[in-house]
Amino acid sequence: MRYLLISDLHANDEALSAVLSRVKRKKFDRVVCLGDFVGYAADPNKVLDRIRTMPRTVLSIRGNHDKVVSGIDSGEMFNPPALFAARWTSERLSKENYEFLRRLPQGPLVIDDLFFVCHGSPLDEDAYIFSDFDASLNFVHMNRLSFDVDLCFFGHSHIPSIFTLEPDGIRVEAVRSARAKLKLEPGRKYLINPGSVGQPRDRNPKASYAIFDSDEHTVYFDRVAYDVEAARKKIHRAGLPSMLGDRLIVGL
Ligand code: ZN
C-alpha cells in the first residue's frame, strides 16, 4: 500500500493544488492528513472542499488550528496573528467545513495496523518534536503503547525531518533535498515529519509532502514550487496579518 502524507495545509490552496498536481501521476492508494487544514492563509473553504471531495480514501486527524477554528479550543495559547487568522477563518467557513473540522479525530491514530499518525507528538497532540530529547520521550511512550508499531508520522513543526531510534542512540536528520528516499530498517523506530504543504518553516518556500510505501518500506520526500506570490497577495487582500503572507516567501 502507498500513502500520500500531507500536513499543515493552513488554508494555502496554491500550495495544495501544486502538490496534488505533482502527485497526479504517482501511484498511491490513500491520503493521510496530519492536521492543520486551516489557519494563516486565505483559502480555508477551497482547501477543505478539495480534501472532502478527494476521489481517494482520506484519513485525517485534527491539528491545533483546526481545534481553535472549530471552537474545540479557545486559542489562548496562540500568538496574536494566529488567533486573528483563526477567528477570521471561523467566520468564513461553510457549515460543512466547520462540521468536518469539529469531527476530526484526535491523534495518535493507528492506520491499517502499519503505522500511526499524530499532529504534534504521540504523547501530546499539541506538543512539538524538534530535538532528540523530544523524540526520546516519544520513543519511550511508543514502547508502552499496546500495539506494536515502530513508525509514526507527525506534523506541527512544519520541518521535514526524521528521528530514528538506533541501537546506539537517536539520529536526527532534517530532510534538505527534494526527491529524497529513506529506506526503513528493521529493528529501528521512526518518527517522521513529511513537512508542511502550506507554510514550510525550513527556509525553503516550496511545499513539502511525502509518500510512504509499506511494501518497499520506503519514505519518499519531495518539494514542490508553487505560486507563493499569489498566496501572499490573497492573504494581504483578505486583511489577514501581512506577516502571514510575507513569511511564505522566505519559507519561515
Ligand atoms: Zn501547523
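Residues numbered from 1 in each chain as written. Predicted model: local features only at pLDDT ≥ 70, side-chain atom pairs only at ≥ 80, totals over all residues. Heavy atoms only, no water.

## Let's talk about the sheet that holds strand S7 (residues 161–166)
Okay, step 1: Spatially, the 6 strands line up as an open sheet ordered S4-S5-S6-S10-S7-S8, and their pairing is mixed. Each edge of the open sheet is held by one strand with a lone partner, namely strand S4 (109–111) and strand S8 (169–174). Between one strand axis and the next, the sheet turns through 20° on average, direction left out of account.
Okay, step 2: Sheet topology places S4 next to strand S5 (residues 115–117); 3 bridges connect them, and they run antiparallel. (Pairing = 2+ DSSP bridges. Helix = DSSP H or I, 4+ residues; strand = E, 2+ residues; numbered from the N terminus. Axes fitted to C-alpha atoms, helices over the stretch in contact; angles between N-to-C directions.)

## Focus: unusual backbone geometry
Okay, step 1: Note the cis peptide between Gly-107 and Pro-108, where omega equals 0°.
Okay, step 2: Along the chain, the position of Pro-108 falls in the loop between helix H5 (95–103) and S4.

## As for the coordination of the zinc ion
Under ideal tetrahedral coordination, the four donors around a metal are separated by 109.5 degrees; under ideal octahedral coordination, the six donors are separated by 90 or 180 degrees.
Okay, step 1: Bound to the zinc ion are the protein donor atoms Asp-8 (OD), His-10 (NE2), Asp-36 (OD) and His-158 (NE2), situated 2.1 to 2.4 Å from the metal.
Okay, step 2: Relative to the metal, the 4 donor atoms surrounding the zinc ion lie at angles of 85 to 176°, and the coordination shape comes out irregular.
Okay, step 3: Sequence spacing of the donor residues for the zinc ion, all on one chain, is D-x1-H-x25-D-x121-H. Pair noted here: Asp-8 is in the loop between strand S1 (2–6) and helix H1 (13–22) and His-158 is in the loop between strand S6 (151–153) and S7, with a separation of 150 residues, a long-range link.
Okay, step 4: Judged by relative accessible area, which is 0%, Asp-8 ranks as buried. (Donors = N, O, S within 2.8 Å, 3.2 Å for Na, K, Ca; no water. Tetrahedral: all angles 85-135°; square planar, octahedral: opposite > 155°, others 65-115°. Buried < 20%, exposed > 50% of the residue type's maximum accessible area, 1.4 Å probe, protein only.)

## What to know about empty space enclosed by the protein
Okay, step 1: All told, the structure shown has 1 cavity of 30 Å³ or more when counted by the stated rule.
Okay, step 2: If you add up the space inside the largest cavity, you get close to 30 Å³.
Okay, step 3: In terms of lining residues, the largest cavity is bounded by His-10, Asn-12, Tyr-40, Ala-41, Gly-198, Gln-199, Ile-235, Leu-244 and Leu-248. (1 Å grid on protein atoms, 1.4 Å probe; cavity = no way out; pocket = protein on both sides within 12 Å on 5 of 7 lines; lining within 4 Å. Points joined across faces, edges and corners; volume = space filled by probe spheres on them.)

## Thoughts on the pairing of strand S9 (residues 180–183)
Okay, step 1: Only one face of S9 is buried: it carries Ala-180 and Leu-182, and the other face, with Lys-181 and Lys-183, is open.
Okay, step 2: Bridge count between S9 and strand S12 (residues 218–224): 4 bridges; the pairing is antiparallel. Bridge assignment links Lys-181 to a residue of S12, and that residue is Tyr-220.

## Here we look at the layout of surface pockets
Okay, step 1: Estimates place the volume of the largest pocket at around 300 Å³.
Okay, step 2: Surrounding the largest pocket, 18 residues form its lining, Asn-64, Met-77, Phe-78, Tyr-128 and His-156 being those nearest its centre.
Okay, step 3: Per-class residue counts for the lining of the largest pocket are 6 nonpolar, 7 polar and 5 charged. (Nonpolar A, V, L, I, M, F, W, Y, C, P; charged D, E, K, R; others polar.)

## With respect to the pairing of strand S10 (residues 189–193)
Okay, step 1: Across the 5 residues of S10, 5 count as buried, placing the element largely inside the fold.
Okay, step 2: In S10, alternate side chains face the same way, and those of Lys-189, Leu-191 and Asn-193 on one face and Tyr-190 and Ile-192 on the other are all buried.
Okay, step 3: Note: S6 against S10, 3 bridges, orientation parallel. For Cys-152, the partnering residue across the bridge sits in S10 and is Leu-191.
Okay, step 4: Examined bridge by bridge, S7 and S10 share 5 bridges and lie antiparallel to one another.

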